[in-house]
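Read off the chains here:
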Amino acid sequence: MTQDSSEGVRPDDPAEIGRRVLRLRGERGLTQRQLAEPAYTPAYVSTLESGKVRPSETALRHLAERLGVSYEELATGRPAELAAGLRLRLTDARRALATGAPEDAAVLFRALHEEAVAHALAEEQAAALLGLGDCLLESGELADARDCFAAAERLLADEPLPRRVPAIRGRATAHLLTGELRYACYLLESTLDELDAAGLHDPEALLLLYTASIAPYMDMGAHARAAHAAELALALAPRVSDPALVAGMHRGVARTLIAEGRIAEADASLAKAQELYRQLHIRTELAHCHWMRGYVHAQDGDLEQAERELRAARSILASKRAALFTEQVEVELADVLRRRGRAAEAQALLRPLLTSGDERDGAGEGTRVLGAGRGAVHAGGAHRLLGLIAEERGDTEAAEEHYCAALSLLERSSAAGDLADLCRLLGDLLRRTGRVEAAMDAYRTGLGHRAAPGTTTLGPAPATPPM
């Protein structure tokens, strides 16, 4: 999907223009003299039709009028209303993604991209690639999504930076979901710096970037930066007219409020986002609001309400076939189930998320699973939970295996809060089994990644690791 309009013959090439003039003149039964007069000569038309001269805009407008077509169609080969029609169909494809399955919307975006490529419509190609990238994010095809966003960014290379921000934000989101938190932050921060240096203080671009930076900041333990980004986003919101951007801002800000212990305010912020998404009929983002409200209630100890919200999120995402997000919600739902004393249900929910189809069934093509490169933070969370369940039933060997698997995933992703909590659990296990030096090493690692309330992906806020 990375083809662009620079490949192959350009529709504004003199030879292509000449062939169009010749074809249209023949279809209308005009001689070269009839087409040329009174402003040009038959010889000029002959030279133009042979592709030996690039016609001026004035000449093309004269010829277009004589041929009964628009200047744009003669100059580019595109019907006058093609770009407008493509944009309308892109809006329809966006609506299909908001309300339906990403695989179905992806078919529409791919077809629109091919059509835009055929007519050398760079802006519409980029819009189709952005939509396709969002589809691939939902279905968990993160490498392909990243490629789509990068291709869109290349197509818009000559456009002002604010126009490229949605593609950059898409790339950052793909890296975040992969588990590359630091690189996601780098992309967002460097773009903010570039906007500031150029004096391009576009409110929508800035709001998109600040909102997108909150999640990786929080996961990495950069709480002050996350809070500052949330403050800036709140200040920008009144200058932004796009309700979807404002809703996303409310959802992002809620996470910083949770970390500060402002649970009621976080829930109110999510309620605002939820209402906007309902009005816009954007079901994936509505599910994310249920998901985040489940997280809020879990942090606050209301596990019954947390389960209801997480099940609502899971239902919406599963109905849309948003595979990766569904799996991530299932990890957080399993955490709530375990805390409610339903460890067997939690384990049944978790194991398929870490086991491919061929391992489960003994044959056939493996399904995508959580792990390094695909939902790494939640994969670490799933191993953490399975370790807790194993430890609670007295299987310390299995518990240690899961904790170590989680540690490997979380260290690579730099998810500080989750890593601190995990080091505490591993250190406690090692200490209880008599391996004091190893336990001390685990605790020291955890102290380097101290977690504050609301900064872990799962469960209640961890205690300070003991020494």
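Let me begin by describing the structure that accompanies this report. (Residues numbered from 1 in each chain as written. Predicted model: local features only at pLDDT ≥ 70, side-chain atom pairs only at ≥ 80, totals over all residues. Heavy atoms only, no water.)

Observations concerning the overall build of the protein chain
The number of helices and strands found in the protein chain is 24 helices and 0 strands. For the protein chain, the spread of C-alpha atoms along the principal axes amounts to about 100 × 55 × 40 Å. Scored against the burial criterion, the 467 residues of the protein chain give a buried share of 53%. Restricting to contacts in the protein chain with at least 6 residues of sequence separation, those with at least 24 account for 61%. Counting every atom, the protein chain has about 20,400 Å² of accessible surface; 50% of that belongs to carbon and sulfur. Averaging the coordinates of the 55 positive side-chain charges in the protein chain and doing the same for the 69 negative ones gives two points 2 Å apart. (Helix = DSSP H or I, 4+ residues; strand = E, 2+ residues; numbered from the N terminus. Buried < 20%, exposed > 50% of the residue type's maximum accessible area, 1.4 Å probe, protein only. Contact = heavy atoms within 4.5 Å. Areas by Shrake-Rupley, 256 points an atom, 1.4 Å probe, with all protein chains shown as cover. Lys, Arg positive; Asp, Glu negative; His and termini not counted. Charge placed at Lys NZ, Arg CZ, Asp CG, Glu CD.)

Brief notes about the pattern of salt bridges
Scanning the model with the defined rule gives 40 salt bridges in all. Arg293 is paired through a salt bridge with Asp267; the nearest N and O atoms lie 2.9 Å apart. Placement of the pair is Arg293 in helix α16 (residues 283-300) and Asp267 in helix α15 (residues 263-280), with a sequence separation of 26 residues. Take Asp267: its relative accessible area is 18%, and that puts it in the buried class. Connected through salt bridges with shared partners, the residues Glu307, Arg311, Arg340, Arg342 and Glu345 form a single ionic network. (Salt bridge = Lys/Arg side-chain N within 4 Å of Asp/Glu carboxyl O.)

A few points about the packing of aromatic side chains
Aromatic ring pairs: the centre-centre distance and the angle between the two ring planes describe each pair. Enumeration according to the criterion identifies 2 aromatic pairs in this entry. Each ring, one from Tyr40 and one from Tyr44, has its centre 5.2 Å from the other, and the planes form 20°; the classification is stacked. Its guanidinium or amino end placed over the ring of Tyr71, Arg61 lies 4.0 Å from that ring's centre, counting from NZ or CZ. (Phe/Tyr/Trp six-rings, centres within 6.5 Å; stacked < 30°, edge-to-face > 60°. Lys NZ or Arg CZ within 6 Å of the ring centre and 35° of its normal.)

Focus: helix α19 (residues 343-354)
End to end, α19 covers 17 Å across 12 residues, agreeing with the expected 16 Å (1.5 Å per residue, within 8%). All buried positions along α19 are accounted for by Ala346, Gln347, Leu349, Leu350, Leu353 and Leu354. The buried residues of α19 occupy an angular sector of 165° when the element is viewed end-on, so they sit on one face. Among the exposed residues of α19, those pointing more than 90 degrees away from its buried face are Ala344 and Ala348. The elements touched by buried residues of α19 are α17 (303-319), α18 (323-339) and α21 (376-392). (Expected span 1.5 Å × (residues − 1). Arc of directions from axis to C-beta.)

Things to note about the nonpolar core
Counting 133 residues, the largest nonpolar core has Leu350 and Tyr403 as the members making the most contacts within it. In terms of residue count, helix α12 (residues 203-220) provides more of this core than any other element does, 11 residues in total. Those residues within four positions of Tyr403 in sequence are excluded, and the remaining contacts are Arg384, Gly387, Leu388, Glu391, Leu422, Leu425, Leu426 and Leu429. If you look at the next biggest cluster of nonpolar residues, it comprises 14 residues, including Ala36, Leu48, Leu63 and Val69. (Core = buried A, V, L, I, M, F, W, Y, C linked by side-chain atoms within 4.5 Å.)

Taken by themselves, the reported measurements are silent on function.
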